[in-house]
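Notes for the structure review
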Amino acid sequence: MSRLLYERSVSYKGYLIIPFVFGKVDNYEIYSYKLLSEIGRRSQFHKAENPAGIYGNGVSNIIDIAKEHIDQNSDFVNQKDSFKSRYIYRNHLIIIFQEGDKCFYDHYPPELLNNIAAPKLFKSEYECLSWIKQGLDGPQVRQRAI
């Protein structure tokens with residue numbers, strides 16, 4: 001599997017649809033997708049890979065396939081758009097959540113849907129993003145210094 005195309009992800013009815021290039025046939029890319037659910041593990045489709053079992057010939061095509069599958073098979077009613085505050089930095093996906101006056105985040109690396117976020121609370125979205133950016137930039141700075 002190639003890296004997840006977080007920059008082309010789409011929030012839809014409580015899910016984040018994340019396309020990726022599944023493979024190539026005769027120099028044509030075949031697309032698939034993964035899902036994140038706003039209700040997490042309580043959804044049968046949280047972190048699922050292509051539950052529709054159908055592949056596409058482009059990003060917009062695979063997004064349409066995923067939407068149709070969600071429309072027909074979603075196991076919950078959308079509460080809100082939990083994925084509206086999402087950012088991509090160094091091909092990593094960062095999703096910021098706010099509850100009251102506290103912010104926290106989920107952080108996914110480029111190839112996996114494994115949340116590697118630290119259990120830390122922040123006072124603002126900016127403070128949260130700055131902390132994450134510093135963490136992602138840190139190893140790069142040390143490598144160049146050696």
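Here's what I pulled together on the structure shown here. (Residues numbered from 1 in each chain as written. Predicted model: local features only at pLDDT ≥ 70, side-chain atom pairs only at ≥ 80, totals over all residues. Heavy atoms only, no water.)

1. Observations concerning the environment of cysteine 128
Mapped onto the fold, cysteine 128 is located in helix 2 (residues 125-145). Taking C-alpha positions, cysteine 128 is 7.9 Å from isoleucine 96, a pair spaced 32 residues apart along the chain. When near neighbours in sequence (up to four residues on either side) are disregarded, cysteine 128 contacts Ile96, Phe104, Tyr105 and Phe122. (Helix = DSSP H or I, 4+ residues; strand = E, 2+ residues; numbered from the N terminus. Contact = heavy atoms within 4.5 Å.)

2. Some words on the pattern of salt bridges
Evaluated as defined, the whole model comprises six salt bridges. Here aspartate 71 ties to lysine 13 by a salt bridge, and the two come within 2.8 Å at their closest N and O atoms. Of this pair, aspartate 71 sits in helix 1 (residues 59-73) while lysine 13 sits in the loop between strand 1 (10-12) and strand 2 (15-25); the two residues are 58 residues apart in sequence, bridging distant segments of the chain. With a relative accessible area of 43%, aspartate 71 lands in the partly exposed category. With a closest N to O distance of 4.0 Å, glutamate 29 and lysine 24 form a salt bridge. Judged by its relative accessible area of 30%, glutamate 29 falls in the partly exposed class. Beyond isolated ion pairs, a larger network of salt bridges with shared partners links Arg90, Lys133 and Asp137. (Salt bridge = Lys/Arg side-chain N within 4 Å of Asp/Glu carboxyl O. Buried < 20%, exposed > 50% of the residue type's maximum accessible area, 1.4 Å probe, protein only.)

3. Considerations on the environment of valine 10
Looking at where valine 10 falls in the secondary structure, it is placed in strand 1. By relative accessible area, valine 10 is classed as partly exposed at 24%. Each C-alpha atom, one on valine 10 and one on isoleucine 88, is 13 Å from the other, the two residues being 78 residues apart in sequence. Beyond its immediate stretch of four places on either side in the chain, valine 10 contacts Tyr15, Leu16, Ile17, Ile63, Lys67 and Arg86.

4. Quick notes on helix 1
Counted at 1.5 Å a residue, the expected span for helix 1 with its 15 residues is 21 Å, and the 21 Å between its end C-alpha atoms agrees. Along helix 1, the residues classified as buried are Val59, Ile62, Ile63, Ile65, Ala66, His69 and Ile70. Along the long axis of helix 1, the arc covered by the buried residues comes to 160°, so they all point the same way. Facing away from the buried surface of helix 1 by more than 90 degrees, the exposed residues are Ser60 and Gln72. (Expected span 1.5 Å × (residues − 1). Arc of directions from axis to C-beta.)

5. A few points about the pairing of strand 4 (residues 86-89)
Pairing of strand 4 with strand 5 (residues 92-99) involves four bridges; the strand directions are antiparallel. For tyrosine 87, the partnering residue across the bridge sits in strand 5 and is isoleucine 94. With antiparallel pairing between neighbouring strands as the criterion, strand 4 and strand 5 make up a hairpin whose turn holds two residues, including arginine 90 at a positive phi of roughly 55°. (Pairing = 2+ DSSP bridges.)

6. Looking at the packing of aromatic side chains
All chains considered together, the criterion is met by seven aromatic pairs. Aromatic pair tyrosine 15 and phenylalanine 76: ring centres 5.0 Å apart, planes at 45°, arrangement tilted. Here tyrosine 15 is found in strand 2, whereas its partner phenylalanine 76 is found in the loop between helix 1 and strand 4, with 61 residues between them in sequence. One exposure class covers both tyrosine 15 and phenylalanine 76, and it is buried. For the pair tyrosine 105 and phenylalanine 122, a centre-to-centre distance of 6.2 Å together with 50° between the ring planes defines the contact as tilted. Of this pair, tyrosine 105 sits in strand 6 (residues 102-108) while phenylalanine 122 sits in the loop between strand 6 and helix 2, placing them 17 residues apart in sequence. (Phe/Tyr/Trp six-rings, centres within 6.5 Å; stacked < 30°, edge-to-face > 60°.)

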